[in-house]
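Architecture and fold: a report
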Amino acid sequence: MTEKQHITIKGVKEGLVFLLDDACDFSVLLEELQYKLEKSHQQLLTGPIVHVQVKLGSRHLSEEELEQLRTIIRAQGNLLVQSIESEAPAIPEDEPGNNIKLLTGIVRSGQTVEHEGNLLLMGDLNPGGSLLCTGDIYVLGALRGLAHAGKDGRTDVVIAASLLRPTQLRIADVISRPPDEWITGDASMEFAYLNEGVMKIDKMTQLNRLRKQPILFKA
Amino acid sequence: MGEAIVVTSGKGGVGKTTTSANLGTALALLGKKVCMVDTDIGLRNLDVVMGLENRIIYDLIDVAEGRCRLNQALVKDKRFDELYMLPAAQTKDKQDVSPEQVRDIILELKKEFEYVVIDCPAGIEQGFRNAVAGADRAIIVTTPENAAVRDADRVIGLLEQASVPARLIINRIRASMVKSGEMLDIDEICQVLAIDLLGIVPDDEKVIKAANSGEPTVMDPTSRAAIAYRNIARRMLGDMVPLMPLEEKSGVLKRFRKFLGIG
């Protein structure tokens, strides 16, 4: 190994601590870990069961990646993974924008997409098709069918689309049919929201007045 | 191995059978070996449009149930040696045949013919599933009406799930109504359906006359619809043929009248 070392193994009272670099590629880590355990650190592997603590630094790993790590370490027989620690800030689950489902394609007549959370459709929603979800609905394309946001009763959700030409819109339990004057010629992005129990449509640029989430830039 | 193409629409009365008959004939006209299959069991029409009604001996159900061999049920066209038709049964029901049975028949036909054109019944039930079972590709027929476009969209969705690639034919376009905005225009339809456009067919009274006389329109080169069908058949073979202009070319006399302000 002539490259930079990404894994440091330290001995402590309880066993071993694996310090993993948090800047390199995850696959590099896996390779190096495998190499170290199998080739260069053979002396670790003989003897009694050793507890291992893995420290990831600020890297955030998915469940699947964690499992990959565990498998490699466990494969050595006498190493027992005690803990895997990450200093990365945990991603809050319920914050809007995180539980977003991404769909690509056309939702055609007779097709229904249901989702718990927010929904982003990259494509059109055709007449006769429907999107139902508990959070917001965003359509990067033409919304021509039925969209129901906040189907479990949330009233603070929006339905946004590049081209808003719905057959029907529903937010929570408010059902709205577009009046004819909606069908305007200009193709600007619009969104639907509830204002005191009445559905309103507005230009996308007005969304920040509804959602007061200023975007902070680091200078 | 030939290719099986199902002609479908969802909605009834948009011209599936007419399209099947004309495309089948147009492909035969281009020298291809073609078999048309009518899967509209109980409401067969393809034989009438082709003028072959009185030559039917066996039908699709007879083949499926083993009462005859496939070759015995094929009806040879009176105009072309290489054009055949497998008629539907008139006395039975769509439930009397299964998608697997139809698939087997289509597979058998594909060995012998270059193109198998399957005429699908209206609707999305068993009859539709039967017709789509053996198809490699689909042609969606729609007319410039909202209801027809909706149904076409529904069918495209079902075909996507069955991974059958589909192309679009817009039938019965009236240039004057499109121009005045009373009819959906081609771009609008294509935008909603988002599949490749195979061709457009202008509304032509000759089509009705031809269907009644059992002679497919495509045989009459003076009909604009006939030219449209021939163009579509050539596109199916991979030729690049531009879409025909919607406006009828005005003759010298017409232009002269227009000039005088009495046209």
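Residues numbered from 1 in each chain as written. Chains lettered and ligands numbered in written order. Predicted model: local features only at pLDDT ≥ 70, side-chain atom pairs only at ≥ 80, totals over all residues. Heavy atoms only, no water.

Looking at an unreviewed UniProt entry, one finds chain B named Septum site-determining protein MinD and attributed to Paenibacillus mendelii. Looking at the Function (unreviewed entry) heading of the UniProt record, one finds this comment for chain B: "ATPase required for the correct placement of the division site. Cell division inhibitors MinC and MinD act in concert to form an inhibitor capable of blocking formation of the polar Z ring septums. Rapidly oscillates between the poles of the cell to destabilize FtsZ filaments that have formed before they mature into polar Z rings." The heading Sequence similarities (unreviewed entry) in the UniProt record of chain B holds the text "Belongs to the ParA family. MinD subfamily." (UniProt positions renumbered as here; feature names shortened; annotations may be inferred.)

The name given to chain A in an unreviewed UniProt entry is Probable septum site-determining protein MinC, with the source organism recorded as Paenibacillus mendelii. Taken verbatim from the UniProt record of chain A, the Subunit (unreviewed entry) comment is "Interacts with MinD and FtsZ." Turning to chain A, the UniProt record has this under Sequence similarities (unreviewed entry): "Belongs to the MinC family."

As for the interface of chain B and chain A
Contacts between chain B and chain A engage 12 residues on the former and nine residues on the latter. Interface of chain B and chain A: buried area, both sides summed, is about 890 Å²; carbon and sulfur atoms make up 40% of it. Looking at the side of chain B facing chain A, the largest losses of area belong to Arg150, Asp153 and Val192 of chain B, adding up to 48% of the total buried there. If you look at where chain B meets chain A, you find two salt bridges. Close ionic contact of Arg108 of chain A with Asp153 of chain B constitutes a salt bridge, the shortest N to O distance being 2.8 Å. Applying the counting rule to chain B against chain A returns six residue pairs in polar contact (both at pLDDT 80 or more). (Contact = heavy atoms within 4.5 Å. Buried area = accessible area lost by both parts, 1.4 Å probe. Salt bridge = Lys/Arg side-chain N within 4 Å of Asp/Glu carboxyl O. Polar contact = N/O pair within 3.5 Å; in protein donor to acceptor, adjacent residues only side chain to side chain.)

A short note on the packing of helix H1 (residues 26-40) of chain A against helix H2 (residues 63-74) of chain A
Residue and element names in this part refer to chain A. It is the contact of H1 with H2, at a shortest axis distance of 10 Å, that shows an interaxial angle of 10 degrees. The pairing of H1 with H2 is recorded here as roughly parallel in orientation. Between H1, through Phe26, Leu30, Leu33, Gln34 and Leu37, and H2, the contact on the second element is made entirely by Glu65, Gln68, Leu69, Ile72 and Ile73. When the residues that make up the contact of H1 with H2 are grouped by side-chain class, the tally is seven nonpolar, two polar and one charged. (Axes fitted to C-alpha atoms, helices over the stretch in contact; angles between N-to-C directions. Helix = DSSP H or I, 4+ residues; strand = E, 2+ residues; numbered from the N terminus. Parallel < 35°, antiparallel > 145°, perpendicular 65-115°, else oblique. Nonpolar A, V, L, I, M, F, W, Y, C, P; charged D, E, K, R; others polar.)

A few points about the sheet that holds strand S8 (residues 130-133) of chain A
All names here are of chain A. The strand order across the open sheet formed by five strands is S6-S8-S10-S12-S13, and the pairing between neighbours is mixed. On the outer flanks of this sheet lie strand S6 (112-115) and strand S13 (174-176), each paired with one strand and no other. Neighbour to neighbour, the strand axes of the sheet diverge by 10 degrees on average, direction disregarded. (Pairing = 2+ DSSP bridges.)

Overview of the domain arrangement of chain A
The assigned domain composition of chain A is domain 1 (7-85) and domain 2 (100-210). One C-alpha centre belongs to domain 1 of chain A, the other to domain 2 of chain A, and the line joining them spans 47 Å. (Domains from an automatic or database assignment.)

Things to note about the pairing of strand S14 (residues 190-195) of chain A
All names here are of chain A. Counting buried residues along S14, five of its six residues qualify, which places the element largely inside the surrounding structure. Of the strand pairs in this sheet, strand S11 (residues 159-164) and S14 are connected by three bridges, and their pairing is antiparallel. By the bridge assignment, Ile159 is partnered in S14 with Ala192. Of the pairings in the sheet, the one linking S14 to strand S15 (residues 198-203) comprises six bridges and is antiparallel in character. From the neighbouring strand, Ala192 faces S15, where its bridge partner is Ile201. Once S14 ends, the chain turns through two residues before running back antiparallel as S15, passing Glu196 with a positive phi of about 50 degrees. (Buried < 20%, exposed > 50% of the residue type's maximum accessible area, 1.4 Å probe, protein only.)

Quick look at the state of the cysteines
In a disulfide, the sulfur atoms of two cysteines are covalently bonded to one another. All names here are of chain B. Per the stated rule, a full pass over the model turns up zero disulfides over all chains. Distance from the sulfur of Cys68, which forms no disulfide, to the nearest cysteine sulfur (Cys35) is 13 Å. For Cys68, a relative accessible area of 9% translates into the label buried. (Disulfide = S-S within 2.5 Å.)

Describing the side chain of Ser9 of chain B
Position of Ser9 of chain B relative to the elements: it lies in the loop between strand S1 (3-8) and helix H1 (16-29). Ignoring sequence-local partners within four residues, the contact set of Ser9 of chain B consists of Val14, Lys16, Val141, Asp151, Ala152 and Val155 of chain B.

Digging into the nonpolar core
All names here are of chain B. Grouped together as the largest cluster of nonpolar side chains are 50 residues, with contacts concentrated most on Leu86, Leu109, Ile140, Leu159 and Leu193. In this structure, Leu109 is in contact with Cys35, Val37, Leu70, Leu74, Leu86 and Val116, ignoring residues within four places of it in sequence. Ala28, Ala148, Val201 and Ala233 belong to the second largest nonpolar core, which has 36 residues in total. (Core = buried A, V, L, I, M, F, W, Y, C linked by side-chain atoms within 4.5 Å.)

Concerning a nonpolar patch on the surface
Together, Leu102, Met122, Leu140 and Met189 of chain A make up a nonpolar patch on the protein surface, roughly 350 Å² of accessible area in all. Among the secondary structure elements, Leu102 of chain A is positioned in strand S5 (residues 100-104). (Patch = residues over 30% accessible without salt bridge, like charges linked within 9 Å, V, L, I, M, F, W, Y side chains within 5 Å. Areas by Shrake-Rupley, 256 points an atom, 1.4 Å probe, with all protein chains shown as cover.)

A few points about unusual backbone geometry
The backbone of Ala172 of chain A sits at a positive phi, close to 50 degrees, despite the residue not being glycine. Looking at the element boundaries, Ala172 of chain A is found in the loop between strand S12 (168-171) and S13. Of note, Ala194 of chain B is a non-glycine position whose phi angle comes to about 50 degrees, a positive value. Here Ala194 of chain B shows up in the loop between helix H9 (186-193) and strand S8 (196-202).

Details of the packing of aromatic side chains
Counted by the stated rule, this structure contains two aromatic pairs over all chains. A cation over an aromatic ring shows up here: Lys33 of chain B above the ring of Phe113 of chain B, its NZ or CZ 5.3 Å from the ring centre. (Phe/Tyr/Trp six-rings, centres within 6.5 Å; stacked < 30°, edge-to-face > 60°. Lys NZ or Arg CZ within 6 Å of the ring centre and 35° of its normal.)

A short note on the packing of helix H5 (residues 99-112) of chain B against helix H6 (residues 126-133) of chain B
Residues and elements named next belong to chain B. H6 packs onto H5 with a crossing angle of 30 degrees between their chain directions and a minimal axis gap of 7 Å. Between H5 and H6, the angle falls in the class roughly parallel. At the point where H5 passes H6, the crossing takes the right-handed sense. Residues Pro99, Val102 and Arg103 of H5 lie in contact with H6, whose contacting residues are Gln126, Arg129, Asn130 and Ala133. Split by residue class, the contact of H5 with H6 holds three nonpolar, two polar and two charged. (Left-handed = near helix turned anticlockwise from the far one by under 90°.)

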